[in-house]
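The chain contents come next:
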Amino acid sequence: MKTSKSSYKRLLIVSYRLPFTIQQTDNGPELKQNSGGLVSAVLSMAEQMGQNQGDQSTKIHWVGHGDSSMQQENAPALENETFVAHPVFMDEAIHKGFYEGFSNDLIWPLFHYFPSYASFRETDFDSYQQANTRFLEELNALIEPGDLIWIHDFQLMLLPDLVRQTTPDATIGYFFHIPFPTYEIVKLLPRTWRQALIKGILGADVIGFHTNDYVQHFLQSVSEVLALPIIEQRIVLPDRSVIVNDFPISVDFNKFNTSGQDTTVANTRQHYQNLLRQNKIIFSVDRLDYTKGITYRLLGYERFLDQNPDWHDKVTFVITVVPSRDTIPQYQEIKREIEETVGRINGLFGTIGWRPIVYSYNSLSFPELMALYTACDIALITPLRDGMNLVCKEFVASRYDNKGVLILSELAGAAQELPEALIINPTDKQEVADAIRQGLLMPTAEQEARLIKMRNHLQNHNVFRWSSDFLTAFDNLKTTQSTLETDLPIPSFINAFSDAQKRLLLFDFDGTLAPLINDPAQAKPSEEIKKSLHTLAENSDLVVISGRNRAFLEKTFAGSPVHLVAEHGAFLKKPDQPWERLDLSADDWVDTVRSTMAEFVSRFPGSFIEEKETAIAWHYRMADADDIEAQANDMAGQLRRADSSIPLTVIQGSKVVEVKPALHSKGTVALSIFEQTPYDFIVSIGDDTTDEDMFRQLPNWAYTVKVGPGTSFARYHLARQRDVETLLQRMSDVLVEA
Ligand code: GDG
């Protein structure tokens, strides 16, 4: 874990819920923080940032929805040694539309893959926007330079961009606690809503999800909805870039590990075991929610009882459902269904002395929860969808005795980290029944072996690691951002160039050697550039590495001793030698792509198709339609989804959508050239997304230079295309003088 102190002054947390209560004490009302995982993580993050608790100027500020206990009369108590609470109050009707409506009645079911439970109400979206703006107002009153703002969860998706608009240089993190679903689900949201939500989240600098699947789903949505370039897990915006990564949330391992051994917990455990006559105990605890799969879980247990009469009277399923959202009809319905199922199973299998299921609709105190985690033989955790699921991690962390079996749904984010659990599909009653039987019969040595592995993992990946990794991501971002802002240091660059023995110069064509113009056929380098290239190519390996076809490059550079790479690395021509084809991919994919592009050509006059030998491109610089960029995104999306015999890359460049086989790129060819010769000087200059592949593949000592604004993998920037001309002139002057 990284422990170096970061440079942020204060931590500002924003979440829907404030993790505090106001308690009446002898000294009057006081702010008490709850002991949840997020509070512990935030405290450890503040410590890592070098903040001293009790120091007035570095207290942690927490903005969240305020209830009546937080009203004006308690205002002085909204602060303790460590935290300052900032309740956000809003009109009741707005709160209802924002929280119960848009958040819980639309985003929650939709993002947990229950689209039929989702309600799409325009008034709710209005409330969601207004509520996010209320949070912004509260936050704006607080923000100071040097603050790190960390926004949480699906209730506040618009907030990061709202903050960015008002404080452009703010440092903002955003963490999403629920699953981020595939684009097919996101697409169910009206177009303007999904655009607003994705754009809203992208206001952050670092965006975190629990698993890599959610990261990939989010990137897919960013690409489909906003068509922004994505380089690895970085989204490139015109003025900055955004890091997206998985940061699996976890638990305070030591707290759960030691609490199981507390005397109160041990006594309660003993008490429960006696009450249940030393039966084997299966345990589960969840908030009331259709995502938690409680009814399916009961049906799996019923199947087990049905098939295993020898276990009757020897096992008890203790199932606790914690009241939640039960004013919403779907929650009332699920509660009724659970209670009916419990009643039916107990009626079917129970006897005077044995209740197969002990059900309660209530919450447990922490010692009761700990007693059940440590008393049970099986923790049966079977959500139909869960962002992470902390209950299973808490169970594992509690088992200091290395005993007990975890049965876990493959649809919980946690399943990816805990493969030693018995992993089941929650809708498969037989699989659940079999896992229960396997768990009850599992030899102690096997229980131990599985638990030890899971406990080691959680000990290393605890909640402090989670917040520390999140904080470190900001440091990484800062490092890349600061290199991006570096202009090419011309004097030292020229010195290095002049001193080198073996030089490799890799230049893109359009936007680098030639200015971008409306008709690509007319693009050409200036006479000055041509002259410089000629001199440079006589003294160095100079490669023009372009997406253009062979004929165009050969004509443009006729008589020049440069190497030419055409069609993004598909063809190579050394001076005075014939073309070599580097890419040998089949071309049976072209017909489908061509017919999609042809449809767009007929709809958008002025646009046209360019057919190359290994690629096909739609140019729309001269098409006259207001929404042409949106149409280009639409085409790119269609092409990305289309079936193809080989993997294809869809490139969205400057007023062009191009499709080519994925196998070759400017990067693969740059790498192969560089690997053939021991160069001691490399410069690579380009302006477009395809040049990023080239920048990435070269060694980190190479001079990689991005032309124009925008973030890039290049180490340096040149502001304009004509700066390339000046640079090449200076380089060739050095050679002429030598
Ligand atoms: C969301 C995501 C993600 C529950 N009942 C009692 C009780 N609890 C505590 C548990 C655990 C927490 O509540 C539940 O956390 P989960 O992670 O299981 O589920 P959600 O509340 O839906 O949380 C989820 C999480 O955010 C974090 O990012 O993992 O996927 O849906 O800590 O211990 N605690 C006590 N009595 C109870 O009766 N004391």
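Let me sum up the structure you'll find in this document.

Basis of the calculations
- Residues numbered from 1 in each chain as written.
- Predicted model: local features only at pLDDT ≥ 70, side-chain atom pairs only at ≥ 80, totals over all residues.
- Heavy atoms only, no water.
- Helix = DSSP H or I, 4+ residues; strand = E, 2+ residues; numbered from the N terminus.
- Buried < 20%, exposed > 50% of the residue type's maximum accessible area, 1.4 Å probe, protein only.
- Areas by Shrake-Rupley, 256 points an atom, 1.4 Å probe, with all protein chains shown as cover.
- Lys, Arg positive; Asp, Glu negative; His and termini not counted.
- Charge placed at Lys NZ, Arg CZ, Asp CG, Glu CD.
- Near = heavy atom within 4 Å.
- Polar contact = N/O pair within 3.5 Å; in protein donor to acceptor, adjacent residues only side chain to side chain.
- Nonpolar A, V, L, I, M, F, W, Y, C, P; charged D, E, K, R; others polar.
- Contact = heavy atoms within 4.5 Å.
- Phe/Tyr/Trp six-rings, centres within 6.5 Å; stacked < 30°, edge-to-face > 60°.
- Lys NZ or Arg CZ within 6 Å of the ring centre and 35° of its normal.
- Pairing = 2+ DSSP bridges.
- Patch = residues over 30% accessible without salt bridge, like charges linked within 9 Å, V, L, I, M, F, W, Y side chains within 5 Å.
- Salt bridge = Lys/Arg side-chain N within 4 Å of Asp/Glu carboxyl O.
- Disulfide = S-S within 2.5 Å.
- Axes fitted to C-alpha atoms, helices over the stretch in contact; angles between N-to-C directions.

1. What to know about the overall build of the chain
Right, on to step 1. If you tally the helices and strands in the chain, you get 24 helices and 29 strands.
Right, on to step 2. Within the chain, the proportion of its 738 residues that are buried is 57%.
Right, on to step 3. Counting only carbon and sulfur atoms, one obtains 49% of the accessible surface of the chain, whose full area is about 30,600 Å².
Right, on to step 4. Taken together, the 68 basic and 97 acidic charged side chains of the chain have centroids lying 2 Å from each other.

2. Let's talk about the site of the ligand
Right, on to step 1. Near the ligand there are 20 residues, and of these His177, Leu364, Asp386, Met388 and Glu394 occur at the shortest range.
Right, on to step 2. Between Leu364 and the ligand, the recorded distance is 2.7 Å, taken from a backbone N or O atom to a nitrogen atom.
Right, on to step 3. For the ligand, whose free accessible area comes to 730 Å², the fraction covered by protein is 78%.
Right, on to step 4. Those elements that provide at least two residues to the shell around the ligand are β12 (280–287), α12 (366–375) and α13 (390–398).
Right, on to step 5. A breakdown of the residues in the shell around the ligand according to their chemical character gives eleven nonpolar, five polar and four charged.

3. Here we look at unusual backbone geometry
Right, on to step 1. In this structure, Arg277 takes a positive phi of about 55° despite not being glycine.
Right, on to step 2. Structurally, Arg277 is set in the loop between α9 (263–275) and β12.
Right, on to step 3. Here Arg277 falls in the partly exposed class, since its relative accessible area comes to 44%.
Right, on to step 4. Non-glycine residue Gln278 carries a positive phi angle of around 60°.

4. Some points on the side chain of Ser284
Right, on to step 1. With respect to the element layout, Ser284 can be found in strand β12.
Right, on to step 2. Ser284 has contacts with Arg297, Phe317, Val318, Ile319, Thr320 and Leu380, leaving out every residue within four places of it along the chain.

5. A short note on the packing of aromatic side chains
Right, on to step 1. Overall, the coordinates contain 47 aromatic pairs when judged by the stated rule.
Right, on to step 2. Aromatic pair Phe125 and Trp193: ring centres 4.9 Å apart, planes at 20°, arrangement stacked. Taken as a pair, Phe125 in helix α3 (residues 122–140) and Trp193 in helix α6 (residues 191–201) lie far apart in primary sequence, 68 residues in all.
Right, on to step 3. An aromatic cluster is present here, built from Tyr16, Phe98, Tyr99, Phe102, Phe125, Tyr128, Phe135 and Trp193 joined pairwise through their rings.
Right, on to step 4. We note Arg234 situated over the ring of Phe713; from NZ or CZ to the ring centre the distance is 4.7 Å.
Right, on to step 5. Seen from the ring of Phe497, Arg503 lies directly overhead, with NZ or CZ sitting 4.6 Å from the centre.

6. Some thoughts on α12
Right, on to step 1. Where burial is concerned, most of α12 is hidden: seven out of the ten residues are buried.
Right, on to step 2. When we look at burial in α12, the residues that qualify are Leu369, Met370, Ala371, Leu372, Tyr373, Thr374 and Ala375.
Right, on to step 3. Structurally, α12 contributes buried residues whose contacts are with α8 (253–259), α9, β12, β13 (315–322) and α13.

7. A closer look at the pairing of strand β1 (residues 10–17)
Right, on to step 1. Of all eight residues that make up β1, seven are buried, and the element is covered over most of its length.
Right, on to step 2. Inspection of the sheet shows β1 paired to strand β6 (residues 147–152) by five bridges, in the parallel sense. Bridged to Arg10 within β6 is Asp147.
Right, on to step 3. Both β1 and strand β4 (residues 60–65) contribute to a ladder of four bridges, which runs parallel.

8. A short note on a negative patch on the surface
Right, on to step 1. The grouping of Glu410, Asp428, Glu431 and Asp434 at the surface amounts to a negative patch.
Right, on to step 2. Here Asp428 shows up in the loop between β17 (422–424) and α14 (429–441).

9. Describing the state of the cysteines
Right, on to step 1. Counted under the stated rule, the structure contains zero disulfides.
Right, on to step 2. Counting only cysteine sulfurs, Cys392 is the nearest neighbor of Cys376, a cysteine outside any disulfide, at a range of 12 Å.
Right, on to step 3. The exposure class assigned to Cys376 is buried, which follows from its relative accessible area of 1%.
Right, on to step 4. Look at Cys392 and you get buried, because its relative accessible area is 0%.

10. Some remarks on the sheet that holds strand β21 (residues 571–573)
Right, on to step 1. On the basis of which strands lie adjacent, the open sheet formed by eight strands has the order β22-β21-β20-β19-β18-β27-β28-β29 and mixed pairing. One side of each edge strand has no neighbouring strand; the edge strands of this open sheet are β22 (579–581) and β29 (716–718). Strand-to-strand twist across the sheet, computed as the mean angle between neighbouring axes with direction ignored, equals 20°.
Right, on to step 2. Inspection of the sheet shows strand β27 (residues 681–686) paired to strand β28 (residues 703–707) by four bridges, in the parallel sense. Residue pairing in the sheet places Ser684 in a bridge with Thr704 of β28.
Right, on to step 3. Across the face of the sheet, helix α17 (residues 490–499) comes into contact with β18 (503–507), β27 and β28 while running at roughly 130° to β27.
Right, on to step 4. In the packing of helix α22 (residues 666–676) onto the sheet, the strands contacted are β18, β19 (541–545), β20 (563–566) and β27, and the crossing angle to β19 comes to about 170°.

Remember that the coordinates give geometry; whether it matters functionally is a separate question.
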